[in-house]
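These are the residues of each chain, in order.
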Amino acid sequence: MIDTAALAALLSRTRGEPVAVDSVTALSGGASSATYAVAARVGGSDWPLIFQGAAAALEPGQLSKATQAELQRIAARHGLPVAAVVAVTAPGDGLGDGFVMARIAGEALAPRWLKGAAFAGARAALTTHCATALARLHAVPLGEFARLPLAGGTPREQCARLNAAYRSYCVDLPAFDLAFGWVAERLGDHAPTALVHGDFRSGNLIIDEHGLAAVLDWELAHLGDPAEDLGWLCVNAWRFGQWQLPVGGFGERDALYDAYAAAGGAPVDRGMAQVWEVYGTLRWGMACLQLVHDHLSGRVRSVERAAIGRRITEVEADLLYLLTHGSI
Amino acid sequence: MAVPSASVLIEAVAAFLSEIETELTGRAAFHAKVAGNVLAVVVRELDQQPERAEAAAFARLLGPGATAADVCERLRDGRLTVATPGLLDALLAATTARLAVDNPRYSTLRRLRDTTP
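Residues numbered from 1 in each chain as written. Chains lettered and ligands numbered in written order. Predicted model: local features only at pLDDT ≥ 70, side-chain atom pairs only at ≥ 80, totals over all residues. Heavy atoms only, no water.

Peer 1: Lay out the pairing of strand 3 (residues 45–54) of chain A with the relevant residues and their values.
Peer 2: Residue and element names in this part refer to chain A. Strand direction decides the pairing type here: strand 2 (residues 33–42) and strand 3, joined by 10 bridges, are antiparallel. Counterpart to Val38 in the pairing with strand 3 is Leu49. Hairpin connection, strand 2 to strand 3: the antiparallel pair is bridged by two residues, and Gly43 has positive phi, about 55 degrees. The pairing of strand 3 with strand 5 (residues 98–102) spans five bridges and is antiparallel. In the sheet register, Gln52 faces strand 5, and the bridge partner there is Phe99. (Pairing = 2+ DSSP bridges. Helix = DSSP H or I, 4+ residues; strand = E, 2+ residues; numbered from the N terminus.)

Written out as structure tokens, the structure is:
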């Protein structure tokens with residue numbers, strides 16, 4: 001749990017005036033981070049905030065919360081909708097590795113904003129909003145990230161790392177092996193050209209009635225090929241049942257690619273975008289394998305993690321559909 | 001009357017879970033719902049035995065007794081590729097049989113059935 005007095009001290013120091021913290025409520029906990037809603041008050045007004053802290057010691061290749069905060073600051077400077085970073089913890093604060101950001105009003109639960117009538121206008125605008133945010137992100141000069149410890153590598157190297165992760169689970173899923181071979185043959189060997197958000201999908205957006213209010217969860221950001229972000233957004237798993245709309249369950253690919261180019265992004269090669277969609281589907285499959293491995297290894301035993309083991313069949317079906325029909 | 005089969009017993013447990021789900025909240029309610037879905041998977045697996053369709057598909061591809069591990073080994077060393085006649089058909093047959101058990105409402109199952117000869 002979060003030490004509210006330590007949090008109040010950090011916020012007071014940052015503001016240069018007394019800040020009270022009335023409550024800290026856990027919102028969600030992942031394997032690597034924990035998110036809290038913070039009800040703070042300053043000068044008699046409410047100050048709604050979010051605290052995001054590391055849930056466990058950093059694993060190799062994982063971004064610290066301080067690095068994620070820096071990425072959000074850079075993104076904000078370049079016109080992306082992100083929550084403003086308020087404070088980053090220091091080692092003596094007693095709060096671990098974490099940062100505080102503004103709490104953005106809106107809906108973060110994708111099934112709600114994908115289906116709710118109140119969000120119809122937001123959904124209509126969202127493809128353009130996402131394309132614009134990604135085009136702006138991918139246009140940031142790489143020099144701005146030079147002092148951050150970000151992973152990189154060529155697309156083919158990235159794919160080889162994903163394949164090594166797959167093989168480490170010692171499972172035999174023919175559709176996965178088939179797709180890995182197909183993707184590896186088609187991905188390029190070029191050096192990174194952009195910062196890739198790495199987890200830009202319907203579950204990581206805050207949506208208000210006008211559209212995209214904030215892009216969340218920068219912990220998988222890395223240097224790479226911008227087409228990876230476009231492919232990931234179109235993976236079937238992020239459509240939450242709205243499978244007829246390939247862009248996140250709310251839009252069409254042509255509209256996404258056109259808006260991306262209109263916002264200054266590189267023209268999208270349709271064939272490569274499909275390769276990245278297959279790659280993204282494999283990445284989602286790897287997440288399922290990790291989660292069911294948590295249960296089988298005893299790291300986190302739960303009926304939910306065990307059940308995810310059977311979602312792997314969905315991934316196999318999506319991969320086979322992609323390989324036989326070109327797109328899903 | 002016969003003594004209850006495994007499927008009947010599991011269905012009874014699933015009915016019990018959905019009864020108590022209304023008395024639960026938060027994580028416990030969510031996990032009770034997931035547990036009910038898991039029991040439905042087990043009942044379908046007992047009824048449909050997808051491993052038979054899977055074994056038949058791999059046998060058509062590689063011969064009697066072939067397993068998923070055999071197929072994977074050949075995909076990894078390049079003896080099988082996406083261009084191998086019968087490979088995609090075999091994988092589609094095996095996967096649709098298992099998906100009909102694991103999540104029969106999944107959109108891609110319907111799409112594969114609508115488009116596979």
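Peer 1: So, the packing of helix 2 (residues 26–48) of chain B against helix 5 (residues 87–102) of chain B: which residues are in play, and what are the values?
Peer 2: Angle between the axes and distance between the axes are the two parameters that describe a pair of packed helices. Residue and element names in this part refer to chain B. Here helix 2 crosses helix 5 at 135 degrees, and the two axes come no closer than 8 Å. Here helix 2 lies oblique to helix 5, going by the angle between them. Packed against helix 2, whose contacting residues are Val41, Arg44, Glu45 and Gln48, the element helix 5 presents Ala100, Val101 and Asp102 at the interface. In terms of residue class, the contact of helix 2 with helix 5 is built from three nonpolar, one polar and three charged. (Axes fitted to C-alpha atoms, helices over the stretch in contact; angles between N-to-C directions. Parallel < 35°, antiparallel > 145°, perpendicular 65-115°, else oblique. Contact = heavy atoms within 4.5 Å. Nonpolar A, V, L, I, M, F, W, Y, C, P; charged D, E, K, R; others polar.)

Peer 1: Give me the lowdown on the interface of chain A and chain B, citing residues and values where you can.
Peer 2: Taken together, the contact between chain A and chain B spans 27 residues of the former and 34 residues of the latter. Note on chain A versus chain B: buried area summed over both sides is about 2700 Å², and carbon and sulfur give 66% of it. At the surface where chain A touches chain B, the tally comes to five salt bridges. For Arg310 of chain A, the salt bridge identified is with Glu45 of chain B, shortest N-O distance 2.8 Å. For the pair chain A and chain B, the interface holds 13 residue pairs in polar contact (both at pLDDT 80 or more). Within the residue set of the side of chain A that touches chain B, elements represented by two or more residues are helix 5 (155–168), helix 6 (174–186), helix 10 (303–308) and helix 11 (312–325) of chain A. Counting residues per element, the side of chain A that touches chain B draws most heavily on helix 11 of chain A, at nine residues. Each residue belonging to the side of chain A that touches chain B can be placed in one class, and the counts come to 13 nonpolar, five polar and nine charged. (Buried area = accessible area lost by both parts, 1.4 Å probe. Salt bridge = Lys/Arg side-chain N within 4 Å of Asp/Glu carboxyl O. Polar contact = N/O pair within 3.5 Å; in protein donor to acceptor, adjacent residues only side chain to side chain.)

Peer 1: How would you explain the pattern of salt bridges if you had to name every residue and give the values?
Peer 2: In the structure shown here, the tally under the stated rule is 24 salt bridges over all chains. Between Lys65 of chain A and Glu219 of chain A there is a salt bridge, and its shortest N-O distance comes to 3.5 Å. Of this pair, Lys65 of chain A sits in helix 2 (residues 65–77) while Glu219 of chain A sits in the loop between strand 8 (211–215) and strand 9 (222–224), and the two are 154 residues apart along the sequence. The exposure class of Lys65 of chain A is buried, given its relative accessible area of 3%. Between Arg79 of chain B and Glu73 of chain B there is a salt bridge; the shortest N-O distance is 3.2 Å. Accessibility expressed as a relative area gives 42% for Glu73 of chain B, which makes it partly exposed. (Buried < 20%, exposed > 50% of the residue type's maximum accessible area, 1.4 Å probe, protein only.)

Read these as geometric descriptors, not functional statements.
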